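# Examining the three-dimensional arrangement
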Amino acid sequence: MTTNDTTSSSDFIRTIIAEDLKTDKYGGRVMTRFPPEPNGYLHIGHAKSICLNFGVAAENEGGLCNLRFDDTNPTKEEVEYVDSIKEDVRWLGFDWEDREYYASDYFDQLYGYAVQLIKDGKAYIDSLSSDEIREYRGTLTEPGRESPHRSRSVEENLDLFGRMKAGEFEDGTHVLRAKIDMASPNLLMRDPILYRIRKVSHHRTDDKWCIYPMYDFTHCLSDSVEGITHSLCTLEFENNRPLYDWVLDELDVYHPRQIEFARLNITYTALSKRKMIELVEGGHVSGWDDPRIPTISGLRRRGYTPEAIRTFCERIGLAKRDSVVDMALLEHCLREDLNRHALRVMAVLRPLKVVIENYPEDQVDELEAINNPEDPGMGTRKVPFSRVLYIEQEDFREDPPKKFFRLAPGREVRLRYAYFIKCVDVVKDEQTGEVVELRCTYDPETRGGDAPDGRKVKATLHWVSAAHAINAQVRLYDHLFTKPNPSDEKECPDWKSCLNPKSLETLIDCKLEPSLADAAPGSRYQFERLGYFCADPVDSSHEKPVFNRTVTLRDTWARIQKAQKKQGKQGKKGKKGKKKK
């Protein structure tokens, strides 16, 4: 996807659904489902599917969307994942009401359907090993070979299948395969496996079953049982659609329509579940909710809002081919939302002490500060001002370069909401020569930030009163990868070699204004001039506040769009010039 390609194919699924409604294909119904496997945490790619499935249902009168867990592989599934998935879907703002289903709800029906296929001569028990099945399948250029067990009688297949269910055989001894076409150009149609033996306890059915259906067999029939009208899947399931249709047609059951759309890929991330597992289990990140990985729980902990993610999913639209979206667009959507709703506060991350020599030692001014200039209704707050303050180290230069307008010896600047101050002396560490303190004076006539005599300053700095400051830890998060596409072998021969060693910087002696003393875990703020931050929902407490940087104030996407518009205008001018000639 190019950076401005967000609408060209965005409505093709809705167009299909609108046409089906017009022709009364499903009796005027729209019913979708979100069918996650409970074997991991959801990520931003799942958010696209969640917004699509629940969104399409909500847009149509009487439309419904089910939440269905595809829990057919008990070796990898856990209740922890089920709970986290439900929490994520609710957090994104969607509700499945009483329609929470599990593929395991249908295990008895699915077994009955498998028996029917055997009776109809459409399925058989194969006793080849997994390696032999792979060998017999053939290649893209060579047809497969039929298994020597393909000609087993219906009676023998029924007997073996029943004994598989009864637990007589060990894992891998037998499988149930569909009898389709071993010469099919679609390798998935070369007698795919429908059932396999897994002597593992299931998180919902315990030890009732020791055979479990495969995804392709389960998915289409679960859609059918639930009366789904439009089964919306990502493009990797396009080759599976013939099998989806074959199972439903052979069993002569209700037949939903499968439609594929492009999966989401974002720069500087890895949305592969396998790679995320490697990151977590390899200790490259702290867990599934690490703010650096694009799981929904990680994004939530970092400070993302559900509104920003929904807006992002809406803006990227839908496409019929895989593409890559710039991370800058996701961050842009987040800034838009936080700019409207986040409280402004002052925090100094790398403090430099400032002593105002002509300010009374015991005096404290309560200055009025605006909570959010975008929303006057959010009101104001009082910020204490005293003789000793902290400013950012980077806001002072002893020998300022050209165009550095912040504080320097002999220079005057404005303190946000407060006064003009002038640096009159610099105190250094005797051993290192490091600047450790600034001695300044203030002009009491400039309270509020303006001088009665009309003189101007070129910089406004944020600050915190030392006597009132809250000590906090602040975690500065950046992209997890150094390259836009860590899956590109040319850029990253080993994708983990492109992990960003600077993706997390932890600052432990930050100074925050006192209004943040009671910041609730998960609450979001704009630290003025620094970025948007969130009180960490896990580690932050009243005694030990911890804040995560959600996103910087710099808006890369806005610059990209501005550059594109400029290029577009130049292109138009060039065309006009050619016409005049």
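This text goes with the structure placed above it.
Residues numbered from 1 in each chain as written. Predicted model: local features only at pLDDT ≥ 70, side-chain atom pairs only at ≥ 80, totals over all residues. Heavy atoms only, no water.

## Overview of the overall build of the protein chain
Using the following cut-off: Only DSSP runs of H or I reaching four residues or more are called helices, and only runs of E reaching two or more are called strands; each is numbered from the N terminus. C-alpha atoms define the radius of gyration in this analysis, and the globule rule sets the expected value at 2.2 Å times the number of residues to the power 0.38. Think of it in three bands: with a 1.4 Å probe and only protein chains considered, a residue is buried below 20% of the maximum accessible area for its type, exposed above 50%, and partly exposed in between. Any two residues whose heavy atoms approach within 4.5 Å at even a single point are treated as in contact. For every accessible area listed, the method is Shrake-Rupley and the probe measures 1.4 Å; residues are considered covered only by the protein chains on display. By the counting scheme adopted, Arg and Lys are positive, Glu and Asp are negative, and His together with the chain ends is not counted. Every charge is mapped onto a representative atom, which is NZ of Lys, CZ of Arg, CG of Asp or CD of Glu.
On a plain count of helices and strands, the protein chain comes out with 13 helices and 25 strands. The C-alpha radius of gyration computed for the protein chain amounts to 31 Å, which surpasses the reference 25 Å derived for 581 residues by more than 25%, pointing to a less compact arrangement than a globule. Projected onto its principal axes, the C-alpha positions of the protein chain cover 100 × 70 × 50 Å. Relative to its full complement of 581 residues, the protein chain shows a buried share of 51%. Within the protein chain, counting contacts between residues at least 6 apart in sequence, those at least 24 apart form 70% of the total. For the protein chain, the accessible surface area stands at approximately 27700 Å², while carbon and sulfur atoms represent 46% of it. Here the protein chain holds 88 positive side-chain charges and 97 negative ones, and the gap between their average locations is 8 Å.

## Quick look at the pairing of strand 1 (residues 31-34)
The condition that has to hold: Strand pairing is assigned whenever DSSP detects at least two bridges linking the two strands. Looking down the strands as they point away from you, a crossover is right-handed if its path from the first strand over the helix to the second goes clockwise.
Burial along strand 1 is two-sided: the residues Met31 and Arg33 and Thr32 and Phe34 are all buried. Judged from the four bridges that link them, strand 1 and strand 2 (residues 64-69) form a sheet pairing that is parallel. When the bridges of strand 2 are listed, Arg33 appears paired with Asn66. Taken together, strand 1, helix 2 (residues 44-59) and strand 2 form a β-α-β motif whose crossover is right-handed.

## Observations concerning empty space enclosed by the protein
Using the following cut-off: A cavity here means a set of points on a 1 Å grid, drawn over the protein atoms and nothing else, where a 1.4 Å probe fits but cannot get out; a pocket is an open set with protein on both sides within 12 Å along at least five of seven lines, and a residue lines either one if it has an atom within 4 Å of a point. Grid points are joined across faces, edges and corners, and a volume is the space filled by probe spheres set on the points. Here the nonpolar group is Ala, Val, Leu, Ile, Met, Phe, Trp, Tyr, Cys and Pro; Asp, Glu, Lys and Arg are the charged ones; every other residue, Gly included, is treated as polar.
Under the counting rule described, the total for this entry stands at three cavities of 30 Å³ or more. The space that makes up the largest cavity amounts to roughly 160 Å³. For the largest cavity, the lining is made up of 17 residues, of which Thr269, Arg292, Arg302, Tyr304 and Met327 are closest to its centre. Split by residue class, the lining of the largest cavity holds 11 nonpolar, two polar and four charged.

## Observations concerning the layout of surface pockets
Rolled over the atoms, a probe sized like a water molecule indicates the empty space that remains. Of the pockets and cavities examined, the largest pocket occupies roughly 700 Å³. Taken together, 23 residues make up the lining of the largest pocket; nearest its centre are Glu37, His46, Thr234, Glu236 and Phe237. Mapped onto the lining of the largest pocket, the elements with two or more residues apiece are strand 1, helix 2, helix 7 (215-226) and strand 8 (230-234). Looking at the lining of the largest pocket residue by residue, the classes come out as 10 nonpolar, eight polar and five charged. A volume near 310 Å³ is recorded for the second largest pocket.

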